[in-house]
Amino acid sequence: MTYQTLQKAAATRRSVYALNKNLPVPVIEVMDIIQHAVLHTPSAFNSQSTRVVVLFGADHEKLWQLTEEALRAIVPADKFEPTKQKLDGFKAAAGSVLFFEDQNVVKGLQERFPSYADNFPVWSEHTDAMHQYAVWTTLAAAGIGANLQHYNPLIDHAVAQEWSIPANWTLRAQMVFGGIEAPAGGKTFEPLEDRLKVFGL
């Protein structure tokens, strides 16, 4: 494998919202992708604090039904239709990946290394984000579309109850994935010279 292979995968990864249930690879391969990311994504102090829950079928659809119920409680009824359409789009996909951080791991590191205590919650978020990116990019390389959502903490309690999530797991993101019904739109880039500086070259 060349580094260009990784670059191609990174360029392929996009927020794809028009998804369906027709995955281009078997479900077992999807699980292999997610398991590989959980095993091999780095973490500060090798903390391995990220926790992942994968939902398929009725469980996946239940997630977005719970989200709809939570949003109906706060979004005015006369303005809810666009929200419902968005949630129906998520429900139409093949599955969801829920990303959590184990706060017991974070607190344990704070106790063991008090001089870094303020940093561990931040580093934990970095770890979770790297897991999200690893899963998302590899799914894209497999021809699977995905988008990342953040309905936490609004749905935290309902999710914890429905799937018996430990109290020390904090929900951080929800990744919807599926077959690509329609590709992502065009992407624009801010000037590279405003985002990258090099010295000593």
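Positions within a chain are numbered from 1, following the residues in the order the chain's sequence is written. Restriction of local features to residues with pLDDT of at least 70 applies here, the model being predicted, together with a cutoff of 80 or more for giving and counting side-chain atom pairs; totals for whole chains, interfaces and linings are based on all residues. Working from all heavy atoms in the structure, the side-chain values ignore hydrogens and water.

K.L.:
How should I be thinking about the UniProt feature "domain: Nitroreductase" (unreviewed entry) in the protein in this particular structure?
P.N.:
UniProt positions are given in the numbering used here, feature names are shortened, and annotations may be inferred rather than shown by experiment. Sites flagged by UniProt as "domain: Nitroreductase" (unreviewed entry) map to residues 11-178. Helix makes up 49% of residues 11-178 and strand 19%, and the two end C-alpha atoms of the span are 18 Å apart. Numbering of helices and strands starts at the N terminus; helices are DSSP runs of H or I of at least 4 residues and strands are runs of E of at least 2.

K.L.:
Could you clarify how one ought to interpret the pairing of strand β4 (residues 145-149) in this entry?
P.N.:
Within a regular strand, side chains alternate between the sheet's two faces. Buried, partly exposed and exposed residues are distinguished by accessible area as a fraction of the type maximum, computed with a 1.4 Å probe on protein chains only: under 20%, between the cut-offs, and over 50%, respectively. With five of five residues buried, β4 lies mostly within the body of the structure. Residues G145, N147 and Q149 line one face of β4 and the alternating positions A146 and L148 line the opposite face, and both faces are buried. Strands were regarded as paired on the criterion that DSSP finds at least two bridges between them. When β4 meets strand β5 (residues 169-180), the two strands line up antiparallel, connected through five bridges. Note on β5: the bridge partner recorded for A146 is F177.

K.L.:
I tried to follow the packing of aromatic side chains on my own but got confused; where do I start?
P.N.:
The relative placement of two aromatic rings is captured by the distance of their centres and the angle of their planes. Between rings of Phe, Tyr and Trp, where Trp is taken as its six-membered ring, a pair exists when centres lie within 6.5 Å; planes separated by under 30 degrees are stacked, by over 60 edge-to-face, and by other angles tilted. Summed over all chains, the structure comprises 13 aromatic pairs. Ring geometry for F45 versus F113: centroids 4.9 Å apart, planes at 55°, classification tilted. Of this pair, F45 sits in the loop between α2 (27-40) and β2 (50-56) while F113 sits in the loop between α5 (103-112) and α6 (120-141); the two residues are 68 residues apart in sequence, bridging distant segments of the chain. Under the relative-accessibility criterion, F45 is labelled partly exposed at 39%. What links up through ring pairs into an aromatic cluster is the set F45, F113, Y116, F120 and W123. Working rule: Lys NZ or Arg CZ, within 6 Å of ring centre, within 35 degrees of ring normal, means a charge sits over the ring. Here the basic side chain of R13 rests over the ring of W136, its NZ or CZ set 4.4 Å away from the ring centre.

K.L.:
Where do I start with the environment of A92 in this structure?
P.N.:
In this structure, A92 sits in the loop between α4 (81-91) and β3 (95-102). Classification of A92 as partly exposed rests on a relative accessible area of 34%. Should any heavy atoms of two residues lie within 4.5 Å, those residues are considered in contact. Apart from residues no more than four positions distant in its own chain, A92 is found in contact with L19, N20 and K21.

K.L.:
Just checking my understanding: could you explain the packing of α2 against α6 for this structure?
P.N.:
Two measures define how a pair of helices packs: the angle their axes make with one another and the distance between the axes. For every element, the axis is a line fit to its C-alpha atoms; helices are fit only across the contacting stretch, and the angle between N-to-C directions ranges from 0 to 180 degrees. The interhelical angle for the contact between α2 and α6, taken along N-to-C directions, is 150°, at an axis separation of 9 Å. Classed by the angle they form, the pair α2 and α6 counts as roughly antiparallel. The way α2 lies across α6 gives a crossing that is right-handed. Across the interface between the two elements, V30, I33, I34, A37 and V38 of α2 pack against H131, A134, V135, T138 and L139 of α6. Each residue is assigned to one class: nonpolar for Ala, Val, Leu, Ile, Met, Phe, Trp, Tyr, Cys and Pro, charged for Asp, Glu, Lys and Arg, and polar for all the others, Gly among them. A breakdown of the residues in the contact of α2 with α6 according to their chemical character gives eight nonpolar, two polar and no charged. Working definition: roughly parallel below 35 degrees, roughly antiparallel above 145 degrees, roughly perpendicular at 65 to 115 degrees, and oblique for all remaining angles. Crossing handedness: left-handed means the near helix sits turned counterclockwise from the far one by under a right angle, and right-handed means the same turn made clockwise.

K.L.:
Please explain the layout of surface pockets as it appears in this structure.
P.N.:
Gaps left between atoms show up when a probe the size of a water molecule is rolled over them. Considered as a void within the structure, the largest pocket measures approximately 420 Å³ in volume. Lining the largest pocket are 18 residues, with L6, A9, A134, T137 and T138 positioned closest to its centre. Of the residues forming the lining of the largest pocket, the biggest block, seven residues, is contributed by helix α1 (residues 3-12). A per-class count over the lining of the largest pocket returns nine nonpolar, eight polar and one charged. Method remark: on a 1 Å grid restricted to protein atoms, a set of points is classed as a cavity if a 1.4 Å probe fits but cannot get out and as a pocket if it is open with protein on both sides within 12 Å along at least five of seven lines; lining residues have an atom within 4 Å of a point. Grid points are joined across faces, edges and corners, and a volume is the space filled by probe spheres set on the points.

K.L.:
Explanation requested: the side chain of T41 in the structure shown.
P.N.:
In this fold, T41 is placed in the loop between α2 and β2. Using a relative accessible area of 12% as the deciding quantity, one classes T41 as buried. Here a polar contact is taken to be a pair of N or O atoms separated by no more than 3.5 Å, where protein atoms must pair a possible hydrogen donor with a possible acceptor and residues adjacent in sequence count only if both atoms sit in side chains. At 2.6 Å, the side chain of T41 forms a polar contact with the backbone oxygen of A37. Not counting chain neighbours up to four residues away, the residues in contact with T41 comprise T127, M130, H131 and A134.

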